[in-house]
Structure formats: structure tokens, C-alpha cells
Amino acid sequence: MEPDLIQNSHVHHNNIEDFGPKFKKLRITDNVRELQTVLRDKSTSRGDFIFFADRLIRLVVEEGLNQLPYRTSKVTTPTGQVYDGLRYEKGNCGVSIMRSGEAMEQGLRDCCRSIRIGKILIQSDEDTHEAKIVYAKLPPDIADRKVLLMYPIMSTGNTVVKACTILKDHKVREENIILLNLFTTPQAVHLVLNKFPEVTILTSEVHPVAPNHFGQKYFGTE
């Protein structure tokens with residue numbers, strides 16, 4: 001059975017990009033490519049866009065959970081048999097970068113019903129275009145947690161860099177940050193990993209052009 005995840009050495013778009021061991025990408029199946037195609041199609045209705053976006057988000061979230069630590073667990077089945085299984089280690093949380101990152105919150109809650117989710121709002125300065133922090137509400141013990149950082153579209157990487165800076169300011173260890181992303185450009189990956197080489201990036205596609213209409217289409221603010 002083929003893995004659901006491929007490492008950086010298999011990332012292709014015209015030229016092979018080597019982003020290092022912290023970069024991970026979903027294995028591209030016909031199903032995943034259809035989801036990506038519908039989300040990039042300008043004629044897609046908002047209803048269909050949300051439906052297909054939620055499907056792709058769920059795939060990325062499920063794979064993101066594979067990056068979290070597990071512990072062995074023995075359980076007894078209804079037939080009385082002992083089953084050797086796994087359970088998550090405690091101490092995980094989600095953080096969405098508003099507003100587009102909020103589209104991924106339900107997908108995470110569907111997989112982890114009781115997970116705590118923080119929020120960060122970052123906006124670009126109208127004059128300098130520099131990313132600035134407007135709002136941050138994070139779990140008080142976030143320094144002790146693994147953080148699933150949610151941001152579906154990365155074009156420049158500046159917003160994610162600022163979000164990672166906020167998390168590090170709150171004593172989150174760099175290696176405990178896992179970015180869940182749908183679409184990214186190569187330059188965004190390079191920027192984030194150059195600034196934070198221990199952050200894990202998980203995405204479905206690397207492409208020179210990111211679908212920047214995602215947030216507006218998903219939330220109906222076009």
C-alpha cells in the first residue's frame with residue numbers, strides 16, 4: 001500500500017525542489033488533483049467550493065495528525081481479546097491564522113473533538129506592506145503543547161513567519177509547530193524554512209501561483 005505522504009525528494013513542479021526533511025506533501029492521487037482543480041476553477045460555485053475545500057482540508061488535517069506523537073495502548077475488544085493499539089499523547093492544540101485559517105478549524109474539530117484552538121490575526125500595513133499582529137488569543141499553556149498552525153494559502157510566507165514569531169514569543173518550541181496548508185508557492189516554503197528550519201510544513205500542492213481567492217470565496221466576501 002502506498003503511503004499517503006511523500007517527502008521533499010518527491011516534490012515536483014517542472015523542477016525538483018528540495019525543501020529539506022521538514023517539508024511534507026500529500027501524495028497526489030486523482031482524487032486530490034480533482035479537489036485542487038475544482039478549487040482553482042473560477043467557475044466553481046461557492047457551495048461547491050466549500051464542499052471541495054472541506055474535503056481537501058480534512059485530508060490535510062488527517063495527515064497532520066500523523067505528525068503528532070502517539071503512545072502504545074492496550075484495549076479489550078467486545079469479544080474479550082486484547083488489542084495492541086495507539087493513542088495520541090496529550091498536549092496538542094490548534095491555532096488558526098485569521099481569517100482564512102478559520103476555514104480549517106471545523107476539519108480539525110471533526111477529527112479531535114475536544115482540541116483547544118487559538119487564533120492569531122495578522123494584517124499587512126497599508127504603507128509598508130509589513131505583516132503586523134492585530135490580535136492573538138492562545139491557550140495559556142501553549143508552550144507545553146504541539147501546535148497545529150492552520151493557514152490554507154501561502155503566497156509569500158510573510159504571514160506564517162509572523163505567526164511563528166508570535167508562537168516562539170510565547171515559548172513554543174520551533175520543532176513543536178506543524179503548519180497545515182493547502183496550497184503554497186516555492187518561495188513561501190523557502191522563506192518559512194529559512195527563518196524557522198525546525199517547523200514542519202504539510203501541504204497538498206506547491207505551485208508558483210497560489211489560489212489567493214480562497215478566503216473570499218469560502219466566506220462569501222468576494
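Residues numbered from 1 in each chain as written. Predicted model: local features only at pLDDT ≥ 70, side-chain atom pairs only at ≥ 80, totals over all residues. Heavy atoms only, no water.

Asker: Help me understand the packing of aromatic side chains, please; the structure alone is not making it clear to me.
Answerer: Any aromatic ring pair is given by two values, namely how distant the centres are and how the planes are angled relative to each other. Overall, the coordinates contain six aromatic pairs when judged by the stated rule. Ring centres 5.8 Å apart and planes at 15° place the aromatic pair Phe214 and Tyr218 in the stacked group. Within this pair, Phe214 and its partner Tyr218 are both found in helix H6 (residues 214-219), separated by four residues, close to a single helical turn. Across the pair, Tyr218 and Phe214 agree in class, each one buried. Note on Tyr218 and Phe219: the rings are 5.2 Å apart at their centroids and 70° apart in plane angle, and the pair reads as edge-to-face. Classification of Tyr218 as buried rests on a relative accessible area of 11%. Members of the aromatic cluster, joined through ring pairs, are Phe49, Phe214, Tyr218 and Phe219. (Phe/Tyr/Trp six-rings, centres within 6.5 Å; stacked < 30°, edge-to-face > 60°. Helix = DSSP H or I, 4+ residues; strand = E, 2+ residues; numbered from the N terminus. Buried < 20%, exposed > 50% of the residue type's maximum accessible area, 1.4 Å probe, protein only.)

Asker: Mind showing me how you'd approach helix H2 (residues 46-65) here?
Answerer: Along an α-helix, residues three or four positions apart point the same way, because every turn accommodates 3.6 residues. With 20 residues, H2 ought to run about 28 Å at 1.5 Å a step, and its terminal C-alpha atoms sit 28 Å apart, in line with that. Phe49, Phe52, Ala53, Leu56, Ile57, Val60, Val61, Glu63, Gly64 and Leu65 are the residues of H2 that are buried. (Expected span 1.5 Å × (residues − 1).)

Asker: Could you clarify how one ought to interpret the state of the cysteines in this entry?
Answerer: What we call a disulfide is simply a covalent bond connecting the sulfur atoms of a pair of cysteines. With the rule as written, the count across this model stands at zero disulfides. A disulfide-free cysteine, Cys93 has its sulfur positioned 11 Å from the sulfur of Cys112, the nearest such atom. Between Cys164, a free cysteine, and Cys93, which holds the nearest cysteine sulfur, the sulfur-to-sulfur gap is 13 Å. By relative accessible area, which is 1% here, Cys164 ends up buried. (Disulfide = S-S within 2.5 Å.)

Asker: Would you explain the packing of helix H4 (residues 158-169) against helix H5 (residues 186-195) in this entry?
Answerer: Packed helices, taken two at a time, are described by the angle their axes make and the gap between the axes. Close contact between H4 and H5 brings their axes to 9 Å; oriented N to C, the two are set at 20°. With respect to each other, H4 and H5 are oriented roughly parallel. Pair H4 / H5 crosses with right-handed handedness. Taking contact as the criterion, the partners of Asn158, Val160 and Val161 in H4 are, on H5, Leu191, Val192 and Lys195. Classifying every residue of the contact of H4 with H5 by side-chain character gives four nonpolar, one polar and one charged. (Axes fitted to C-alpha atoms, helices over the stretch in contact; angles between N-to-C directions. Parallel < 35°, antiparallel > 145°, perpendicular 65-115°, else oblique. Left-handed = near helix turned anticlockwise from the far one by under 90°. Contact = heavy atoms within 4.5 Å. Nonpolar A, V, L, I, M, F, W, Y, C, P; charged D, E, K, R; others polar.)

Asker: What am I meant to see in the sheet that holds strand S15 (residues 205-206) here?
Answerer: Within a sheet, adjacent strands bond to each other through the backbone by hydrogen bonds, running parallel or antiparallel. Read from one edge to the other, the open sheet built from three strands follows the order S11-S13-S15, with strand pairing classed as parallel. The sheet is open, and its two borders are formed by strand S11 (153-154) and S15, each paired with just one other strand. Of the strand pairs in this sheet, S11 and strand S13 (residues 183-184) are connected by two bridges, and their pairing is parallel. Looking at the pairing, Met154 lines up with Thr184 of S13. (Pairing = 2+ DSSP bridges.)

Asker: Honestly, the pattern of salt bridges in this entry has me stumped. Any pointers?
Answerer: Once the charged atoms of two side chains with opposite charge are near each other, the side chains can pair. All told, the structure shown has ten salt bridges when counted by the stated rule. In this structure, Arg40 engages Glu205 in a salt bridge whose closest nitrogen and oxygen atoms are separated by 3.0 Å. Here Glu205 lies in strand S15 and Arg40 lies in helix H1 (residues 30-40), a separation of 165 residues in the sequence. Its relative accessible area of 29% is what places Arg40 among the partly exposed residues. A salt bridge links Arg116 to Asp141; its shortest N-O distance comes to 3.9 Å. One end of the pair, Arg116, is in strand S8 (residues 116-124); the other, Asp141, is in the loop between strand S9 (131-137) and strand S10 (146-150), and 25 residues separate them in sequence. Of the residues examined, Arg116 reaches a relative accessible area of 39% and is grouped as partly exposed. On the accessibility criterion, Asp141 (30% relative accessible area) is partly exposed. Linked through salt bridges whose partners overlap, the residues forming this network are Glu102, Glu105, Arg109 and Lys119. (Salt bridge = Lys/Arg side-chain N within 4 Å of Asp/Glu carboxyl O.)

Geometry only, nothing functional implied.
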